[in-house]
Amino acid sequence: MAKPLIQMALDSLDFDQTVALATLVAPHVDIFEIGTPCIKHNGVNLVRELRARFPDKLLLVDLKTMDAGEYEATPFYAAGADICTVLGVSGLATCAGVIKAANAHGAEAQIDLINVGDKVACARATAEAGAHIMGIHTGLDAQAAGHTPFADLTDIASLGLPVRISVAGGINASTVQDVVRAGANIIVVGAAIYGAASPADAAREIRELVDAV
Ligand SMILES: O=C(CO)[C@H](O)[C@H](O)COP(=O)(O)O
């Protein structure tokens, strides 16, 4: 299996703070995620800025698209996104629209399984429709209610679908190695890095833990 990638979730609303945080952690991560509140606040200009500053990083725009998939995602791919997310709960037509936009730009579409009832059925159907990445995701509000993504990761990984698997939801230094062992190809870390006293040191620790598995 290819080495798992580490995705840093940039969840600030502030444009300059987002660029500064990305600069701090860049040596230790593979993918920058522009989080949903951040992309809503700052728009496509932030994609252009990060693309220009970090040409060697993958850039995920967490659009969490719910409708008009191709129309909404196209300008973000055109601005340099490597991956855009679309909600599994949006339905197959919207997911297919984002997949079409991704393919038109040589990029990838990630299905976010957040709040999907039948995650296995959704993963199978969207993989069949050409999705590139399946996102197992326990959102911030669900985390606050005590939920974690680990059982869903095991369920989806066991399907053996021809997609990469991304996992997000409160992952930190104490859980990241279990997530790798459970089959994650992309590990998303937000608060455990940006909330640390030293985000650079926290990102380095996550990198070392992932590489040690
Ligand atoms: O997409 C998100 C919320 O919807 C977050 O960016 C994702 O959950 C990663 O952050 P954390 O590690 O703090 O959970």
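In what follows, the structure referred to is the one given above.
Below you will find a few notes about this structure. Fair warning: this is a prediction, and the values are worked out from it, not measured in the lab.

Tallying each qualifying case throughout the model produces 11 salt bridges. Among the ionic pairs, R53 bridges to E49, the shortest N-O distance being 2.6 Å. A residue pair is termed a helical-turn pair when its members lie 3 or 4 positions apart in one helix, as R53 and E49 do in helix α3 (residues 44-53) at 4 residues. We note a salt bridge from D62 to K64, for which the minimum N-O separation is 2.9 Å. Given a relative accessible area of 5%, D62 falls into the buried group. Within the structure, one salt-bridge network assembled from shared partners comprises K3, D30, R207 and D211.

A few words now on the environment of A157. Here A157 is to be found in helix α8 (residues 150-157). Take A157: its relative accessible area is 26%, and that puts it in the partly exposed class. Linking A157 and G183, residues 26 residues apart in sequence, is a C-alpha distance of 6.0 Å. Excluding residues within four positions of it along the chain, A157 makes contact with I165 and A182.

Criteria and cut-off values
Residues numbered from 1 in each chain as written. Predicted model: local features only at pLDDT ≥ 70, side-chain atom pairs only at ≥ 80, totals over all residues. Heavy atoms only, no water. Salt bridge = Lys/Arg side-chain N within 4 Å of Asp/Glu carboxyl O. Helix = DSSP H or I, 4+ residues; strand = E, 2+ residues; numbered from the N terminus. Buried < 20%, exposed > 50% of the residue type's maximum accessible area, 1.4 Å probe, protein only. Contact = heavy atoms within 4.5 Å.

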